[in-house]
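Here are the chains, one letter per residue:
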Amino acid sequence: MIVSSAAQIESSAPGWINSLMDTLGAPGAGIAIALENLFPPLPSEVILPLAGFASSTGRMDLLAALVWTTIGSVVGALALYGVGALLGRDRTVAIAARIPLLKVSDIERTEAWFAKHGPKAVFFGRMIPIFRSLISVPAGVERMPLPLFLALTTLGSAIWNTVFVLAGYALGENWESVSGYVSTYSKAVLVAALLAVLGFVAVRLRKAGTGARRR
């Protein structure tokens with residue numbers, strides 16, 4: 001039996017992602033991205049290019065893929081915003097500590113980044129691996145105005161999703177190569193974010209020490 005080229009290529013993607021897209025089309029891609037927001041270890045760098053590849057083969061409309069993945073991003077982000085707003089910081093972190101592959105240190109770095117950058121963190125955070133999901137939690141804890149949160153989340157998500165869906169569309173059967181670029185980008189951005197957070201903490205500690213000496 002001859003296996004089609006598309007089937008061979010998609011075999012590396014998690015089966016449930018393929019099932020959602022095969023069954024529901026573009027809305028299935030949106031659901032997958034919503035779940036990726038709720039569970040950051042899920043592979044957005046696989047879901048988005050795969051949706052683009054599916055569009056290139058005619059399995060779903062390209063515009064529909066862009067719209068539905070952005071809707072999925074917003075829905076997932078809104079859910080995490082609600083968790084942060086309803087549970088507060090301590091209970092949210094306690095729950096996150098029990099989720100496999102999710103590190104409390106990632107949440108703490110995201111919180112520090114949000115404290116430093118505020119609304120900008122929500123917009124740019126949507127384009128930074130790990131932060132893109134977790135940034136919704138401190139926004140909810142701090143009760144960031146919901147219209148502003150939704151506007152920044154929608155815009156940031158639309159940019160991120162469009163880049164990777166179009167990459168998968170353009171690369172066609174080579175869509176998996178996007179993951180290599182994402183891995184390099186992720187490492188560079190996470191190192192830069194970590195350095196920025198450490199600098200922020202150092203400044204806060206210095207100010208706290210100066211205040212204590214004055215008293």
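Residues numbered from 1 in each chain as written. Predicted model: local features only at pLDDT ≥ 70, side-chain atom pairs only at ≥ 80, totals over all residues. Heavy atoms only, no water.

Details of the overall build of the protein
Alright, step 1. Scanning the protein from terminus to terminus reveals 11 helices and 0 strands.
Alright, step 2. What you see in the protein, going N to C, is helices and strands ordered as α-α-α-α-α-α-α-α-α-α-α.
Alright, step 3. Counting all 215 residues of the protein, 44% fall into the buried class.
Alright, step 4. Excluding contacts between residues fewer than 6 apart, the proportion of contacts in the protein whose partners are at least 24 apart in sequence is 74%.
Alright, step 5. Per element, the accessible surface of the protein, about 10,900 Å² overall, is 67% carbon and sulfur. (Helix = DSSP H or I, 4+ residues; strand = E, 2+ residues; numbered from the N terminus. Buried < 20%, exposed > 50% of the residue type's maximum accessible area, 1.4 Å probe, protein only. Contact = heavy atoms within 4.5 Å. Areas by Shrake-Rupley, 256 points an atom, 1.4 Å probe, with all protein chains shown as cover.)

Some words on helix 3 (residues 26-38)
Alright, step 1. Taking 1.5 Å per residue, 13 residues should reach 18 Å; helix 3 reaches 19 Å between its end C-alpha atoms and fits that length.
Alright, step 2. Listed as buried for helix 3 are Ala26, Gly28, Ala29, Gly30, Ala32, Ile33, Ala34, Glu36 and Asn37. (Expected span 1.5 Å × (residues − 1).)

Some remarks on the side chain of Ser73
Alright, step 1. Its place among the elements puts Ser73 in helix 5 (residues 62-96).
Alright, step 2. Not counting the four nearest positions on each side in its chain, Ser73 is found in contact with Ile33, Asn37, Arg126, Arg132, Ser157 and Asn161.

Focus on the packing of helix 4 (residues 44-56) against helix 10 (residues 146-171)
The axes of two packed helices give the description: the angle between them and the distance between them.
Alright, step 1. At a minimum axis separation of 6 Å, helix 4 and helix 10 run at an interaxial angle of 50 degrees. Classified by the angle their axes make, helix 4 and helix 10 are oblique. Judged by the sense of rotation from one axis to the other, the crossing of helix 4 with helix 10 is right-handed. Residue-level contacts link Ser44, Leu48, Pro49, Gly52, Phe53, Ser55 and Ser56 of helix 4 to Trp160, Asn161, Phe164, Val165, Gly168 and Tyr169 of helix 10.
Alright, step 2. A breakdown of the residues in the contact of helix 4 with helix 10 according to their chemical character gives 7 nonpolar, 6 polar and no charged. (Axes fitted to C-alpha atoms, helices over the stretch in contact; angles between N-to-C directions. Parallel < 35°, antiparallel > 145°, perpendicular 65-115°, else oblique. Left-handed = near helix turned anticlockwise from the far one by under 90°. Nonpolar A, V, L, I, M, F, W, Y, C, P; charged D, E, K, R; others polar.)

So, the packing of aromatic side chains
Alright, step 1. Applying the stated criterion across every chain yields a total of 3 aromatic pairs.
Alright, step 2. With a centroid separation of 4.7 Å and an interplanar angle of 35 degrees, the aromatic rings of Tyr81 and Phe149 are classed as tilted. Placement of the pair is Tyr81 in helix 5 and Phe149 in helix 10, with a sequence separation of 68 residues. Both residues of the pair, Tyr81 and Phe149, belong to the buried class.
Alright, step 3. Ring centres 4.6 Å apart and planes at 50 degrees place the aromatic pair Trp160 and Phe164 in the tilted group. In this pair, Trp160 and Phe164 are both assigned in helix 10, 4 residues apart and thus about one turn of the helix distant.
Alright, step 4. The exposure class of Phe164 is buried, given its relative accessible area of 11%. (Phe/Tyr/Trp six-rings, centres within 6.5 Å; stacked < 30°, edge-to-face > 60°.)

Let's talk about a nonpolar patch on the surface
Alright, step 1. On the surface, Trp16, Leu24, Ile31, Leu35 and Phe39 cluster together into a nonpolar patch covering about 410 Å² of accessible area.
Alright, step 2. Relative to the helices and strands, Leu35 is located in helix 3.
Alright, step 3. For Leu35, a relative accessible area of 31% gives the class partly exposed. (Patch = residues over 30% accessible without salt bridge, like charges linked within 9 Å, V, L, I, M, F, W, Y side chains within 5 Å. Salt bridge = Lys/Arg side-chain N within 4 Å of Asp/Glu carboxyl O.)

Regarding helix 10
Alright, step 1. For helix 10, built from 26 residues, the straight-helix expectation of 38 Å at 1.5 Å per residue is met to within 8% by its first-to-last C-alpha distance of 37 Å.
Alright, step 2. Every buried residue of helix 10 is accounted for by Phe149, Leu152, Thr153, Gly156, Ser157, Trp160, Asn161, Phe164, Val165 and Gly168.

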